[in-house]
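Residues per chain are reported as follows:
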There are 2 protein chains.
Amino acid sequence: MFAEERKAEILQLMESGKPVKVGDLSQRFEVSESTIRRDLQELENARLIQRTHGGAISVQSSFELSYQEKEIRFYDEKQKIAKAAVDMVKDGETVFLDTGTTTLQIAFALRGKSITVATNSMDIAQVFAEDPQVEVIVLGGSLRKSIRSLVGFLTNEMLAKLHFDKVFLAANAVDSDLGVTTPNLIEAETKRHMVKAGKEVILVVDHSKLWEKAMCQICSLSEINLLLTDDGLDEANVKRLSQYVQVRIAE
Amino acid sequence: MFAEERKAEILQLMESGKPVKVGDLSQRFEVSESTIRRDLQELENARLIQRTHGGAISVQSSFELSYQEKEIRFYDEKQKIAKAAVDMVKDGETVFLDTGTTTLQIAFALRGKSITVATNSMDIAQVFAEDPQVEVIVLGGSLRKSIRSLVGFLTNEMLAKLHFDKVFLAANAVDSDLGVTTPNLIEAETKRHMVKAGKEVILVVDHSKLWEKAMCQICSLSEINLLLTDDGLDEANVKRLSQYVQVRIAE
DNA sequence: TTAATAATGAGCAAAAACAATCAAAGAAAA
DNA sequence: TTTTCTTTGATTGTTTTTGCTCATTATTAA
């Protein structure tokens, strides 16, 4: 029996959500426990199972997954951006935070300030749920479950009635040609309303999203007051971007 | 049984907001109380549950409760009411769920139905966050942090634009004299809008709130289509109430 | 309030499971 | 064939899990 066969069979055994033990598998396949552990490790690396002490369980029945501590990509970069963003916010201001992982970091950094925060992100609202300083306004709308964001007609209507000192906008891609873009049509429409609702619109994106394109245009770069990003972009590209929009690098 | 399995199962047990006790879990899983405590600690660190003295409660429910009070009062009664409420909801309907511990139980019980749920409770929205069947609409507004409810002008405006097949209303006190009451002025105004937005308005309160009064009137009993409560009230009082509003007892 | 009772957290020790390492066996490539 | 690479099993020291005790803390009753 080859190693691949063995792994395939282990997966089959676990298909119905049954937990398996290292000792049992070792006996069943007549190999050492070391070998089984190596197999399980590989399967876990492939995110096919969840290892436990003594064996493994299927990913679904693992509680780790229900906790959405999914690793944030470019965490350090976003942290830098958040720090720079917070420095721009003064006490007493009204700030809008768009849904996104970067804006979520900004939310954490904003805690304790005497400000009013409006958002369409359930997660960001939660961040302030135990902060007595911050007044929170949540926009209504249809719940986009994957990112726990509120979007759609109702959200747009509410945005049309509000105005903020600063809007921190998130996006999936930024380009001099198409401007600011995102893959979702409905979201794009809602973000367009955010841009309109801000006295000052600050686009916060890590460097991996610069010079990229997504399907739906939100707005052109000229409508953005400031692009706040991290120091992961080379100087030539920063200069190129600066022709279209004011750029600030967070270090 | 692996530790991971145990933790996953504990979570499942608590899924519907049911509180658990250390002693019970210890017996059920045949491990020491120390082990259970360690499990609960981990789950708490992962923000999946909220520990209490002697046990734990799911985070969603715990946020509904005041800082001191960590257990749902009249949990069984609310469970009964929830069951009866769900029987009244048909597929395809649009349902509004007010903020409250009873309505939260209704939310848990409604999962999996093909319906549209609107709510002003962040916690209720969360309940459906991983349910692909249920379409969720969250009302916007100011966040009342203690109960994570959205209230105020913006909420009222949104409610004025919407209409629901069924509105499940929560309240703090019900009385034939003052009708339905609640201690918070702004909340009362928002609840008044809920009453207006429903084709059928169903007041869900456990028996401890009957024949009580709170400061602000929401509406008179005649504006309520049905009062749904548990079987904890004596027959004489049920009859008295029935003079003012249709009463249904959940058993 | 104070006393009593219950639950908790920290520390410890034993058992089980683990990762890391290395050498042997087998397969693949030169 | 010899050499190289992969897979495997055994060994060893480390980590994890668990149950127990005991001092501390929280809750309840008086």
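Residues numbered from 1 in each chain as written. Chains lettered and ligands numbered in written order. Predicted model: local features only at pLDDT ≥ 70, side-chain atom pairs only at ≥ 80, totals over all residues. Heavy atoms only, no water.

1. Considering the confidence of the model for chain A
Just so we agree on the cut-off: Scored between 0 and 100, pLDDT is the confidence that the predictor attaches to each residue. Any two residues whose heavy atoms approach within 4.5 Å are treated as being in contact.
For chain A, per-residue confidence averages 91 on the pLDDT scale, and residues scoring 70 or more make up 95% of the total. This model gives residues 65-70 of chain A a pLDDT under 50, and the stretch forms seven contacts once residues within four places in sequence are excluded.

2. Some remarks on the environment of Val31 of chain B
In plain terms, the rule: The way it works is that DSSP assigns letters per residue, a run of H or I at least four long becomes a helix, a run of E at least two long becomes a strand, and they are numbered from the N terminus.
Within the secondary structure layout, Val31 of chain B lies in the loop between helix H2 (22-29) and helix H3 (33-45). Excluding anything up to four places from it in sequence, Val31 of chain B contacts Arg6, Ser26 and Ile36 of chain B.

3. Re the protein's contact with DNA strand C
Basically, it comes down to this: Proximity is defined per residue: if any heavy atom of the residue lies within 4 Å of a molecule or strand, that residue is considered near it. We define a polar contact as two N or O atoms separated by no more than 3.5 Å, with the added condition that, inside protein, one atom must be a possible hydrogen donor and the other a possible acceptor, whereas residues neighbouring each other in sequence contribute only through side-chain atom pairs. Here the nonpolar group is Ala, Val, Leu, Ile, Met, Phe, Trp, Tyr, Cys and Pro; Asp, Glu, Lys and Arg are the charged ones; every other residue, Gly included, is treated as polar.
For DNA strand C, the set of nearby residues contains 15 residues, the closest of which are Arg37 and Gly54 of chain A together with Arg37, Arg51 and Gly54 of chain B. Within 4 Å of the protein, the contacting atoms of DNA strand C are drawn from sugar and phosphate to the extent of 91%. The side chain of Arg37 of chain A places a nitrogen or oxygen atom 2.6 Å from a phosphate oxygen of DNA strand C. Mapped onto the surface near DNA strand C, the elements with two or more residues apiece are helix H3 (33-45) and strand E2 (49-52) of chain A together with strand E2 (49-52) of chain B. Its residues assigned to classes, the surface near DNA strand C comprises two nonpolar, eight polar and five charged.

4. Details of the interface of chain A and chain B
Operational definition: Accessible area, probed at 1.4 Å, shrinks when two parts are joined; the buried area is that loss added up over both. We define a salt bridge as a side-chain nitrogen of Lys or Arg found within 4 Å of a carboxyl oxygen belonging to Asp or Glu. Paired strands, in this sense, are two strands between which DSSP finds at least two bridges.
Taken residue by residue, the interface counts 40 residues in chain A and 36 residues in chain B. Contact between chain A and chain B buries roughly 3000 Å² in total, counting both sides, with carbon and sulfur atoms accounting for 65%. Two residues, Glu157 of chain B and Lys161 of chain A, come together in a salt bridge whose shortest N-O distance is 2.5 Å. Elements with a minimum of two residues in the side of chain A that touches chain B: strand E1 (20-21), strand E3 (55-58), helix H4 (63-66), helix H7 (122-127), strand E6 (135-138), strand E7 (141-144) and helix H8 (153-160) of chain A. Ranked by residues supplied to the side of chain A that touches chain B, first place goes to E6 of chain A with four residues. Looking at the side of chain A that touches chain B residue by residue, the classes come out as 21 nonpolar, ten polar and nine charged. Bridge count between E6 of chain A and strand E7 (residues 141-144) of chain B: two bridges; the pairing is antiparallel. Bridged to Ile137 of chain A within E7 of chain B is Ser142 of chain B.

5. Quick look at the domain arrangement of chain A
Using the following cut-off: Where each domain begins and ends is defined by an automated method or by a domain database.
For chain A, the assigned domains read domain 1 (3-66) and domain 2 (75-250). A C-alpha centroid distance of 42 Å is found between domain 1 of chain A and domain 2 of chain A.

6. Topic: the environment of Asn156 of chain A
Residue and element names in this part refer to chain A. Inclusion rule: For every residue, the accessible area (1.4 Å probe, protein chains only) is compared with the maximum for its type, and the residue is labelled buried under 20%, exposed over 50%, or partly exposed between those bounds.
Its place among the elements puts Asn156 in helix H8. Its relative accessible area of 10% is what places Asn156 among the buried residues. Taking C-alpha positions, Asn156 is 36 Å from Gln60, a pair spaced 96 residues apart along the chain. When near neighbours in sequence (up to four residues on either side) are disregarded, Asn156 contacts Glu189, Thr190 and His193.

7. Examining the sheet that holds strand E10 (residues 173-175) of chain A
Residues and elements named next belong to chain A. To keep things clear, this is the line we draw: Angles shown run from 0 to 180 degrees and are taken between the N-to-C directions of axes, each axis being a line fitted to C-alpha atoms and, for helices, limited to the stretch in contact.
The strand order E10-E11-E13 describes an open sheet built from three strands, whose pairing is antiparallel. The sheet is open, and its two borders are formed by E10 and strand E13 (216-219), each paired with just one other strand. On average, adjacent strands in this sheet sit at an angle of 35° to one another, irrespective of strand direction. Note: E10 against strand E11 (residues 179-182), three bridges, orientation antiparallel. Bridge pairing in E11 links Val174 to Val180. Against the sheet, helix H9 (residues 185-196) touches E11 and E13, its axis set at about 5° to E13.

8. Comments concerning the pattern of salt bridges
Overall, the coordinates contain 35 salt bridges over all chains when judged by the stated rule. Two residues, Asp123 of chain B and Arg148 of chain B, come together in a salt bridge whose shortest N-O distance is 2.2 Å. You can see Asp123 of chain B sitting in helix H7 (residues 122-127) and its partner Arg148 of chain B sitting in the loop between E7 and strand E8 (149-151), a full 25 residues away along the chain. Assigned by exposure class, Asp123 of chain B and Arg148 of chain B land together as buried. Lys209 of chain B is the partner of Asp206 of chain B in a salt bridge, and the nearest nitrogen-oxygen pair spans 3.7 Å. For the pair Asp206 of chain B and Lys209 of chain B, one class covers both residues: buried. One salt-bridge network, held together by shared partners, links Lys90, Glu93, Lys166 and Glu200 of chain A.

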